[in-house]
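# Architecture at a glance
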Amino acid sequence: MSPVGFCYQRGHTILEARQVSKEYRLGKESVQALSDVDFTASQGDFVVINGPSGSGKSTLLNLLALIDRPTRGEVWLDGTSTGTLPEGKLAELRKRKIGLVFQSFNLVPVLSAWENAEYPLLLQRVSRAERQKRLQAMFSAVGLTGLEKRRPDELSGGQRQRVAIARALVSEPMLVLADEPTANLDSKTGAQVMTLLRQLNDEHCVVFLVVTHDPAVSDYAERTINIRDGKLVNGEPHVVATSAS
């Protein structure tokens, strides 16, 4: 059992995209950002979607995170079709089942590391005792014990990303979506963050979906999917890196 006690049944389908397409209007023109994407992730998966700037990977991430809606097709989360759900229901699904890790960390500068990570639990009205238990376990898991009272400007880039990871996981989601999690980090710190994500994936069984333009990140994937011009190119199994020196 994981330190914070969330581990679902491995192999259970968590996320599906079925013939998902996304178009944007630019004046009188229509821009096709994604075309007929089919994608499935099951419990315990660690998937990297790799593609250059403008390939559609951020658009896909926003659709899978239920932040945006597809023009055509459906996104399913834990067996629920999200296509016709009202915004309030989508927000509730995101809050309960999805954790997000952002490229720019998105920490509140006036809050401590502890308070930043605690925020999702306050939104969920988790009891104080349970918040304390989860946060202590998660800060230990991400290597931040002793840094709980520091504000973001008192932390290194790698430490800030670890706070963001703790915030994403402390609410015990089924799915964590990470948008360019190493982009603002040096190569050594980036490797440490990716090693941490793999460790948390192994321990908690939660699905990790990492979107990146950095080919080195694919070394940590169980499955790498390339995206080009809004289309998925492949989804071949990958040999996971055994070290991240």
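Scroll up to find the structure this text is about.
Residues numbered from 1 in each chain as written. Predicted model: local features only at pLDDT ≥ 70, side-chain atom pairs only at ≥ 80, totals over all residues. Heavy atoms only, no water.

For the rest of this paragraph, the subject is unusual backbone geometry. Of note, Asn106 is a non-glycine position whose phi angle comes to about 55 degrees, a positive value. Examined against the element boundaries, Asn106 turns out to sit in the loop between strand 6 (98-101) and helix 3 (113-123). Accessibility expressed as a relative area gives 39% for Asn106, which makes it partly exposed. Of note, Cys205 is a non-glycine position whose phi angle comes to about 65 degrees, a positive value. Considering the arrangement of structural elements, one finds Cys205 in the loop between helix 6 (187-204) and strand 8 (207-212). (Helix = DSSP H or I, 4+ residues; strand = E, 2+ residues; numbered from the N terminus. Buried < 20%, exposed > 50% of the residue type's maximum accessible area, 1.4 Å probe, protein only.)

Glancing now at the pattern of salt bridges. Tallied over the entire structure, the rule returns 15 salt bridges. Salt-bridge contacts for Lys95 lead to Glu92; the nearest nitrogen and oxygen are separated by 3.4 Å. Remark: Glu92 and Lys95 occur in helix 2 (residues 87-97); sequence separation between them is 3 residues, near one turn of the helix. Taking relative accessible area as the criterion, Lys95 reaches 31% and is therefore assigned partly exposed. In the salt-bridge network here, residues are joined through shared partners; they are Glu92, Lys95 and Arg96. (Salt bridge = Lys/Arg side-chain N within 4 Å of Asp/Glu carboxyl O.)

Time to look at the layout of surface pockets. The computed volume of the largest pocket comes to approximately 380 Å³. Forming the boundary of the largest pocket are 18 residues, of which Ile98, Leu100, Pro120, Leu123 and Arg167 lie nearest the centre. Elements with a minimum of two residues in the lining of the largest pocket: helix 2, strand 6, helix 3 and helix 5 (157-169). Here the lining of the largest pocket gets 5 residues from one element, more than from any other, and that element is helix 3. In this structure, the second largest pocket encloses a volume near 190 Å³. (1 Å grid on protein atoms, 1.4 Å probe; cavity = no way out; pocket = protein on both sides within 12 Å on 5 of 7 lines; lining within 4 Å. Points joined across faces, edges and corners; volume = space filled by probe spheres on them.)

Now for the packing of helix 3 against helix 5. To describe two helices that pack against each other, one gives the angle between their axes and the distance between the axes. For the pair helix 3 and helix 5, the least separation of the axes is 7 Å and the interaxial angle reads 25 degrees. Relative to helix 5, the element helix 3 lies roughly parallel. At the point where helix 3 passes helix 5, the crossing takes the right-handed sense. In contact with Ala113, Asn116, Ala117 and Pro120 of helix 3, helix 5 contributes Val163, Ala166 and Arg167. Within the contact of helix 3 with helix 5, the residues separate by chemical class into 5 nonpolar, 1 polar and 1 charged. (Axes fitted to C-alpha atoms, helices over the stretch in contact; angles between N-to-C directions. Parallel < 35°, antiparallel > 145°, perpendicular 65-115°, else oblique. Left-handed = near helix turned anticlockwise from the far one by under 90°. Contact = heavy atoms within 4.5 Å. Nonpolar A, V, L, I, M, F, W, Y, C, P; charged D, E, K, R; others polar.)

Turning our attention to the sheet that holds strand 2 (residues 29-42). Judged by pairing direction, the sheet is antiparallel, and its 4 strands sit side by side in the order 2-1-4-5 without closing on themselves. The open sheet has two free edges, formed respectively by strand 2 and strand 5 (80-81), since each of these has just one partner strand. The pairing of strand 1 (residues 13-26) with strand 2 spans 10 bridges and is antiparallel. Across the sheet, the residue bridging to Tyr24 is Val31, located in strand 2. (Pairing = 2+ DSSP bridges.)

Take the side chain of Ser35 next. Examined against the element boundaries, Ser35 turns out to sit in strand 2. Residue classification places Ser35 among the buried positions, given a relative accessible area of 16%. Sequence-distant contacts of Ser35, defined by excluding residues within four places in its chain, comprise Val20, Ser21, Gly230 and Lys231.

This paragraph deals with the pairing of strand 7 (residues 175-179). Counting buried residues in strand 7 gives 5 out of 5 residues, a clear majority hidden from the surface. Here strand 7 shows a buried face lined by Leu175, Leu177 and Asp179 and a second buried face lined by Val176 and Ala178. Sheet topology note: the strand 6/strand 7 ladder contains 4 bridges and is parallel. Looking across to strand 7, one finds that Leu100 is bridged to Leu177. Pairing of strand 7 with strand 8 involves 5 bridges; the strand directions are parallel. Note on strand 8: the bridge partner recorded for Leu175 is Val207. Crossover connection from strand 7 via helix 6 to parallel strand 8: handedness right-handed. (Right-handed = clockwise from strand over helix to strand, strands pointing away.)

Purely spatial values, then, with no claim about function.
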